[in-house]
Amino acid sequence: MTVALVALFYLFAVRLAFRRGTALYLAASLGLASILTVYARTFYSEPLLTLWLLLAAWAIFLYKVEGKPLWAWGAGLVLGLAAATKIASLIVLPAFALYAVLAGFHQPSGAQRGRWATHGIAAGALGLALPMSVVVVYNFVRFHSLFETGYGISVETLTQTYSSSVALYGLLFSSGRSIFAYSPPLLLAIWSLGASLR
């Protein structure tokens, strides 16, 4: 999965008009200098989930560029596969929908934007419905409920009171979970952010 993810990342960067050398550097940074390196040796679902999400972004981008509803259908399909991989990934659906809506503003007229959005939403919803219907049937067979996923929410989960500042510190700077320790290229991204905003 990790190799496919890095290869797709390279192809996406090239398609976004980065030079091949820059795209290769970005893909190598993803594959060799990020948390993906740690996950590559495990059977966790995160690399597969990341592959599905990157494929969805790629498909929406191609739908924007080429206007073929097949790409919107593909985006919906891989977002459904992402949800089948890890149901919590449904939280990203609004972000992808917003990206698709904003991508539609490149259409020259209001009628074309409406047609583009209608075709995209219909195709994307059909693509999403296929894997989600499999998930719903599986849930019903396994748990006798359409919406039970096996990830029940306990009272302890709902009543935990963690400080958001402590959690933020842990994710950014702690020795065991720091995103900068496991993905050092992010430090370069922060350093170059000032230059890119000028």
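The structure presented is a predicted model; accordingly, all values stated were derived computationally and were not measured. (Residues numbered from 1 in each chain as written. Predicted model: local features only at pLDDT ≥ 70, side-chain atom pairs only at ≥ 80, totals over all residues. Heavy atoms only, no water.)

K.L.:
Please explain the overall build of the chain as it appears in this structure.
P.N.:
In terms of helices and strands, the chain carries 11 helices and zero strands. The 198 residues of the chain split such that 27% are buried. Taking the contacts inside the chain whose residues are at least 6 apart along the sequence as the reference set, 61% of them involve residues at least 24 apart. Accessible surface for the chain amounts to roughly 13,100 Å². Of this, 72% is attributable to carbon and sulfur atoms. Here the chain carries 12 positive and 4 negative side-chain charges, and the mean point of each set is 19 Å from the other. (Helix = DSSP H or I, 4+ residues; strand = E, 2+ residues; numbered from the N terminus. Buried < 20%, exposed > 50% of the residue type's maximum accessible area, 1.4 Å probe, protein only. Contact = heavy atoms within 4.5 Å. Areas by Shrake-Rupley, 256 points an atom, 1.4 Å probe, with all protein chains shown as cover. Lys, Arg positive; Asp, Glu negative; His and termini not counted. Charge placed at Lys NZ, Arg CZ, Asp CG, Glu CD.)

K.L.:
Help me out: how do you make sense of the nonpolar core in this one?
P.N.:
The tendency in soluble globular proteins is for nonpolar side chains to be buried as a group. Ranked by internal contacts, the top residues of the largest apolar core, which has 22 residues, are Leu5, Leu8, Phe12, Leu54, Ala56, Trp58 and Phe96. For this core, the secondary-structure elements that each account for two or more residues are α1 (2–15), α4 (46–66) and α5 (69–85). The element contributing the most residues to this core is α4, with 11 residues. Sequence-distant contacts of Phe12, that is, excluding residues within four places in its chain, are made with Leu54, Ala57, Trp58 and Phe61. Core analysis: the second largest hydrophobic core is formed by five residues, Tyr63, Ala72, Ala103 and Ala123 among them. (Core = buried A, V, L, I, M, F, W, Y, C linked by side-chain atoms within 4.5 Å.)

K.L.:
Would you explain the side chain of Ser29 in this entry?
P.N.:
Positionally, Ser29 belongs in helix α2 (residues 20–32). Judged by relative accessible area, which is 13%, Ser29 ranks as buried. The residues touching Ser29, leaving out its near neighbours within four places in the chain, are Ser34 and Pro185.

K.L.:
It is not clear to me how unusual backbone geometry should be interpreted in this structure. Could you clarify?
P.N.:
As a rule of thumb, non-glycine residues mostly have phi less than zero, and peptide bonds are mostly trans rather than cis. For Ala17, which is not a glycine, the phi torsion comes out positive at approximately 80 degrees. Structurally, Ala17 is set in the loop between α1 and α2. Taking relative accessible area as the criterion, Ala17 reaches 70% and is therefore assigned exposed. Its identity as a non-glycine residue notwithstanding, His144 has a phi of 60 degrees, on the positive side. Looking at the element boundaries, His144 is found in the loop between α7 (110–143) and α8 (155–159). Judged by relative accessible area, His144 falls into the exposed class, the value being 65%.

What is shown is where atoms sit, not what they do.
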